[in-house]
Amino acid sequence: MTILAAVHGVLPEHRYEQAEITRTFADICLGPDGNQEVVRRLHTNTRVESRHLALPLERYAGLADFTEANDAFLAVAEELGAQALLGALEQAGIAPSEVDLIVSTTVTGLAVPSLEARIAARVGLRPDVRRVPLFGLGCVAGAAGIARLHDYLLGRPDQVAVLLAVELCSLTVQRNDRSVANLVASGLFGDGAAAVVAVGADYAREHDITGPRVLDSRSHLYPDTTRTMGWDIGARGLTIVLDAQVPVLVKQYLGIDVRGFLAEHGLSVPEVGAWVSHPGGPKVIEAIEDELGLPPDALEMTWRSLAEVGNLSSVSVLHVLRDTLAKRSPTPGTPGMLMAMGPGFCSELVLLTW
């Protein structure tokens, strides 16, 4: 089995209350003559109370085009990515030179070379480290990234693999775009980074490393849902695609997926002692609770993360995992389910045990 040796999350230093962000982003999205009450209502409905932004709030109105926004993404993403990765490795007690594989993911900026290549020398990775940059998975990538680390370490149980996720969603907000998708996104998504250090079973035994264990994972790509979530990429850069049907798809598919996956391991929903879910938004979280029949406190960490930092795309589920590890101590052997949904439309489930 794969052992999760450390999870470390970081946030940009620029933190604002939701009401302050709403005023600025309403001007950017609607222009001076827009109906800001509509934006305030949409932002209030997200149940986000504060967010951290890649840039000082006053700088967003001055971003002229995608080139400027992406340049800002590269500068901030490299800094946050290095902080997240070094923090996770230090927490695990593992030197950067011991990392054999690094998987990086982002969907809020374009980087060629990819992020992990840009920070490799800075953080001390070996020149022969294996690199797997992921793009296009969006919100599901935190869970999918852990699953892919597990896939790799099953074949190389004596090695170390890390996941790095960086998302700067605020830099994708489109000016003068009054679409509901853009207005909702401007109130829901925040910025941040996270890293996970995972080790194979042999490495864990040799170095006496403990932590949650990854038992298995499942992926499901849903039919005829490609326009549910994602980006339209054009002259203005990344324009969000966000359909209101996401909670409906949760109710249609996720319960069947989770129950079937658990049954393969002789488990049922009530036996899961820790739920680590991506905070897609209030209606999505409520759909998960309803469909799985979860008790009121099961997704407490997910609700709390949504309120405190917003939806961080791929980074969010990793922050929820970090918070779960820090604030809950399940008894040994307790099953846990880590899950996220994202563009495709798709889901990724990761079965854990403490």
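A quick note: this is a predicted structure, and the numbers were derived from the prediction, not measured.

Caption draft 1: View of the sheet that holds strand β4 (residues 101-105). If you walk across this open sheet you meet the nine strands as β5-β4-β6-β7-β1-β8-β13-β12-β11, and the pairing is mixed. The strands lining the two open edges of the sheet, one partner per strand, are β5 (130-134) and β11 (274-277). This sheet shows a mean twist of 20° between the axes of neighbouring strands, independent of strand direction. The pairing of strand β1 (residues 2-10) with strand β7 (residues 191-199) spans seven bridges and is antiparallel. Bridge pairing in β7 links Leu-4 to Ala-198. Here helix α3 (residues 66-92) sits on the sheet and contacts β1, β4, β6 (160-168) and β7; the angle it forms with β1, its principal contact strand, is near 135°. The strands that helix α11 (residues 316-327) touches are β1, β6, β7, β11, β12 (335-342) and β13 (346-353); relative to β1, the one it contacts most, it runs at about 105°.

Caption draft 2: Looking closely at the packing of helix α1 (residues 18-30) against helix α6 (residues 180-188). Where α1 meets α6, the axes come as close as 9 Å, and the angle between the chain directions of the two elements is 150°. With respect to each other, α1 and α6 are oriented roughly antiparallel. Where α1 crosses over α6, the two elements pack in a sense that is right-handed. Contacts between α1 and α6 involve Gln-18, Ile-21, Phe-25, Cys-29 and Leu-30 on the former and, on the latter, Asn-182, Leu-183, Ser-186 and Gly-187. Classifying every residue of the contact of α1 with α6 gives five nonpolar, four polar and no charged.

Caption draft 3: Looking closely at the side chain of Glu-116. If you trace the backbone, Glu-116 turns up in helix α4 (residues 115-123). At a separation of 2.6 Å, a polar atom in the side chain of Glu-116 contacts the side chain of Ser-114. Excluding residues that lie within four positions of it along the chain, Glu-116 makes contacts with Ile-102, Ser-104, Arg-131 and Pro-133.

Caption draft 4: Layout of the pairing of β1. Of all nine residues in β1, eight are buried; the element is thus mostly enclosed. In the sheet, β1 pairs with strand β8 (residues 213-221) via two bridges, with the strands oriented antiparallel. Opposite Thr-2, over in β8, you have Val-214 as the bridge partner.

Caption draft 5: Broad picture of the environment of Ile-28. Among the secondary structure elements, Ile-28 is positioned in helix α1. Considered as a pair, Ile-28 and Pro-56 are 28 residues apart in the sequence and their alpha carbons are 15 Å apart. Excluding anything up to four places from it in sequence, Ile-28 contacts Tyr-60, Ala-61, Gln-174, Arg-175 and Asn-176.

Caption draft 6: Fine view of the packing of aromatic side chains. Within the structure shown, the criterion is met by three aromatic pairs. Ring centres of Phe-25 and Tyr-60 lie 5.5 Å apart, and the angle between their planes is 70°; on these two criteria the pair is classed as edge-to-face. You can see Phe-25 sitting in helix α1 and its partner Tyr-60 sitting in the loop between β3 (50-53) and α3, a full 35 residues away along the chain. Like Phe-25, the residue Tyr-60 is buried in the burial classification. With a centroid separation of 6.2 Å and an interplanar angle of 40°, the aromatic rings of Tyr-222 and Phe-345 are classed as tilted. Residue Tyr-222 is found in the loop between β8 and β9 (229-234), and its partner Phe-345 is found in the loop between β12 and β13; the two are separated by 123 residues along the sequence. Accessibility classification places Tyr-222 together with Phe-345 in one group, the buried group. An aromatic cluster is built from Tyr-222, Tyr-253 and Phe-345, whose rings are joined through pairwise contacts.

Cut-offs applied
- Residues numbered from 1 in each chain as written.
- Predicted model: local features only at pLDDT ≥ 70, side-chain atom pairs only at ≥ 80, totals over all residues.
- Heavy atoms only, no water.
- Pairing = 2+ DSSP bridges.
- Helix = DSSP H or I, 4+ residues; strand = E, 2+ residues; numbered from the N terminus.
- Axes fitted to C-alpha atoms, helices over the stretch in contact; angles between N-to-C directions.
- Contact = heavy atoms within 4.5 Å.
- Parallel < 35°, antiparallel > 145°, perpendicular 65-115°, else oblique.
- Left-handed = near helix turned anticlockwise from the far one by under 90°.
- Nonpolar A, V, L, I, M, F, W, Y, C, P; charged D, E, K, R; others polar.
- Polar contact = N/O pair within 3.5 Å; in protein donor to acceptor, adjacent residues only side chain to side chain.
- Buried < 20%, exposed > 50% of the residue type's maximum accessible area, 1.4 Å probe, protein only.
- Phe/Tyr/Trp six-rings, centres within 6.5 Å; stacked < 30°, edge-to-face > 60°.

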